[in-house]
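The lines below spell out each chain.
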Amino acid sequence: MIHAYLLFLSGLAAVPIVLHMLKRGKPKPVTFPAMRFLLEKQTISRRRMQLQNILLLLLRIALIVLACLALARVRIANPGIDLGQGASMDVAIVLDLSASMAAREGRGTPLDEAKRLGGEILSRLSEDSRVILMAGGGTDLVAGEGHEGDPMWAPPSRALQQLDPVEPRPRDGSLSPGLRRALSALSSPSGDGRGRRKLLVVLSDSTRRAAMPEGGFPEKPDEVDALWLDVGFVKGVDFQAAGLAADPPVAAPDAQILLRGSVIARGEGTGGGKLQAQAAFTLENDPEPGRGPDRRGVELSPDDPPLAIDFNRKVPPLPNGQRSGSWQYSLRIQPDDGAPGNNQRFITLPVRREVLILVDNDSDADFLLSAFEALRKHPAEVQPIARAEAWSPQALAGYKSVWLVEPRDPPESLWKALLPWVVRGGGLVVVPGGQGTRVAAYQVADAEALLPALPGQLKVLDRKLRGRRWKPADLTHAVIRDMVALGKSGQVDFAQPEYEPLAFRHWSLGKVNAEGAVLANLEPSAAGEAEDAILAERVKGQGRVLLLATGLDGRLFDDLRSWNNYWTDSSFGLVLTDRIADHLAGADAATGGGSNFELGREVEIDVGPGPWRLPLKLRGPGLAREGTELSLPEGKTVVEGLLAREPGHYQIRDAGGAHVRQFSVNVPADEFDRSKADGPSLEAFTGPGRVRAVGPGEAVEAVLADSWRGTLELMPPLLALVVVLLAVEGWYANRLQKRGDTVAGRAA
């Protein structure tokens, strides 16, 4: 009771009694011949009037008592949920906006039901209550009052206005961030000195991914009541495109690739039968517009494991003789079902002519080519040195690096073609040939102008000796620095003594050129022996030349030993190849894995050094047709902070409309998984009986009946009753007055 002192006014209920006693009517003597008849009539009228006056008295007493109770603001126990009923409250509504909330059954979605229930709850709150409307991902959905970075408090009417336009946000897969922010705000003092009831309402379809956060639920303070409304009424089965991957993930033009899609059926019950659909695979902006999509029939039930669908395609050539670019592929499930957002997947395939391996015989490149295929990020092609058109100036312009692997007699014209290509920015790796190599072929003028040193004598280690150990020389060089860091981290096997890299034969290198540097040496195999350079580099113009003094194939020689154990005993050969290829590829290697992203995560794209013209614009789904202009810091080539709003393909174009970079964005596949969270776990967070399932169109009163006991403010209904009784009292008193006058007139 808020104003108990006002109850003393209920003593005024005695006033009608006193007035009634003072104004008691006395019968007037009447002289009339038929006295007996009149006396009988008088007795009947008196009894009736007394009864009616008593009723009027009770009515007036009730008016005074009810008015006093209303002014005292009496509250009683409420068997249903208390949504304010005129009292000031702090309410936090956490709205699940994950992808599964857009699943459709009939005409409605779980998000539609969540917004309807949220609107009903907000409309029942008093206007002096405070509301936080928050997405499950922790983002405020309504602007309000609060410190920067804190949840925003707003009146219920404003929150109600902002509720309707809310759309799914697939990146908000878990409710954990929203719950933590909401509970933190409810736990904080209101700041106005008023005691407010605190209520947390969660509106979700209660999927396992959204409602079962990693690390568990946040701790709920005792003063905060919680209510979880489960709107996950969708039960039907739908197909989902769960994945799309390319093998290899980076390809060369005209290469064969395998694109593998994954399709799964989700939902409940098909009566033991299977559902049918069609998977369509498409190359966006196909240079052959007459070629339609590849199609496959799909037949699945929810109990079946994911179905892999393979598409083999030849990578189209890059337009306009470009050295690098990308192609974008899509997988779509048709027809659309109850969850159209999960019927498609997107992938961007980086395409470039990065590595050209030149050999005398194809078998000389077996180990190296296998390494590039295992690395899956440096597209490599093998060409015979005898095929001169393969290393013509026009052909070389399409590659980032050339690996000249063990040629025994390289033609002088090869050096002449490689020299200007390196100066313009190419990366060259030279591995001299083995037994029978003509050393003079490496000492012509153009070769001397390229190589950091000249090979001299072929040294073969005695079979009795273990081998010569690899020893880093320039720890500041990117290749050596990375190799040493990997060894110290324990992530590679060759850091262990039993797997250390050893060389059994190698070329002795002469004096290193003034533009060159030794990157690694071979330790002496015996006392008094000097170190020999095993890897050297020379910077030539805008390009680089690396010289490796030991072979990169696995052939065995007469002593039943290979060049080294780099491939057979450890992963050293694979890692060395990877680091050299990364070093020579530069920005292209960095962007190779940065073409496919999950929705909701910031995207960083390296647009490279050009040539392109500012301004750069981003085009894609959810953006204006002309694109959104991007901000690129001066002197930088990385565009940071891109946040795609919808899944699909995106392109960055320059002022001339040329494609600079392309990338794809997908919704995480598990966000569409509608498998339910564990009910007892939810109640462990909210409290017993506080998790309620809601059907389509079900009223909030029916859902929340007997949810828990609150308090009911009596002032509004009491005041309404007082008004009604005042009207009844006036009408009844007026009627009694007229009847009394009529009886008196007849008696006269």
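Up top is the structure these notes are about.
We now turn to the structure provided with this report. (Residues numbered from 1 in each chain as written. Predicted model: local features only at pLDDT ≥ 70, side-chain atom pairs only at ≥ 80, totals over all residues. Heavy atoms only, no water.)

Side note on empty space enclosed by the protein
- By the definition in use, this model includes one cavity of 30 Å³ or more.
- Quantified by volume, the largest cavity comes out at close to 60 Å³.
- Along the walls of the largest cavity sit Gln240, Ala241, Gly341, Asn342, Gln344, Arg345, Phe346, Pro647, Asn666, Val667 and Phe672, which together make up its complete lining.
- Broken down by secondary-structure element, the contributors of at least two residues to the lining of the largest cavity are β6 (238–247) and β12 (344–352).
- A per-element tally of the lining of the largest cavity places β12 first, with three residues.
- Broken down by class, the residue content of the lining of the largest cavity amounts to five nonpolar, five polar and one charged. (1 Å grid on protein atoms, 1.4 Å probe; cavity = no way out; pocket = protein on both sides within 12 Å on 5 of 7 lines; lining within 4 Å. Points joined across faces, edges and corners; volume = space filled by probe spheres on them. Helix = DSSP H or I, 4+ residues; strand = E, 2+ residues; numbered from the N terminus. Nonpolar A, V, L, I, M, F, W, Y, C, P; charged D, E, K, R; others polar.)

Focus on the pairing of strand β18 (residues 468–472)
- Across two bridges, the pairing between β18 and strand β19 (residues 502–503) is antiparallel. Bridge pairing links arginine 469 to leucine 502 in β19.
- As paired elements, β18 and strand β21 (residues 516–522) share three bridges and run antiparallel to each other. The residue bridging proline 472 from the neighbouring strand is alanine 520, located in β21. (Pairing = 2+ DSSP bridges.)

What about the sheet that holds strand β22 (residues 532–540)?
- Within the open sheet, the nine strands sit side by side as β14-β13-β15-β16-β23-β22-β21-β18-β19. Their pairing is mixed. The open sheet is flanked by β14 (380–384) and β19, the only strands paired with a single partner.
- In this structure, strand β13 (residues 355–359) lies alongside strand β15 (residues 401–405), joined through four bridges in parallel fashion. Residue leucine 356 lies in a different strand from β15, and its bridge partner there is valine 402.
- Helix-sheet contacts for helix α7 (residues 366–375) involve β13, β14 and β15, and the interaxial angle to β13 is about 165 degrees.
- On top of the sheet, helix α12 (residues 572–585) reaches β15, β16 (427–431), β18, β22 and β23 (543–548); it is set at about 160 degrees to β23, its chief contact. (Contact = heavy atoms within 4.5 Å. Axes fitted to C-alpha atoms, helices over the stretch in contact; angles between N-to-C directions.)

What about the pairing of strand β5 (residues 224–230)?
- Where burial is concerned, most of β5 is hidden: seven out of the seven residues are buried.
- Burial along β5 is two-sided: the face carrying Val224, Ala226, Trp228 and Asp230 and the face carrying Asp225, Leu227 and Leu229 are both buried.
- Inspection of the sheet shows strand β4 (residues 197–204) paired to β5 by seven bridges, in the parallel sense. Bridge pairing links valine 201 to leucine 227 in β5.
- Of the pairings in the sheet, the one linking β5 to strand β31 (residues 691–693) comprises three bridges and is parallel in character. Its bridge partner being in β31, leucine 229 is matched across the sheet by arginine 692. (Buried < 20%, exposed > 50% of the residue type's maximum accessible area, 1.4 Å probe, protein only.)

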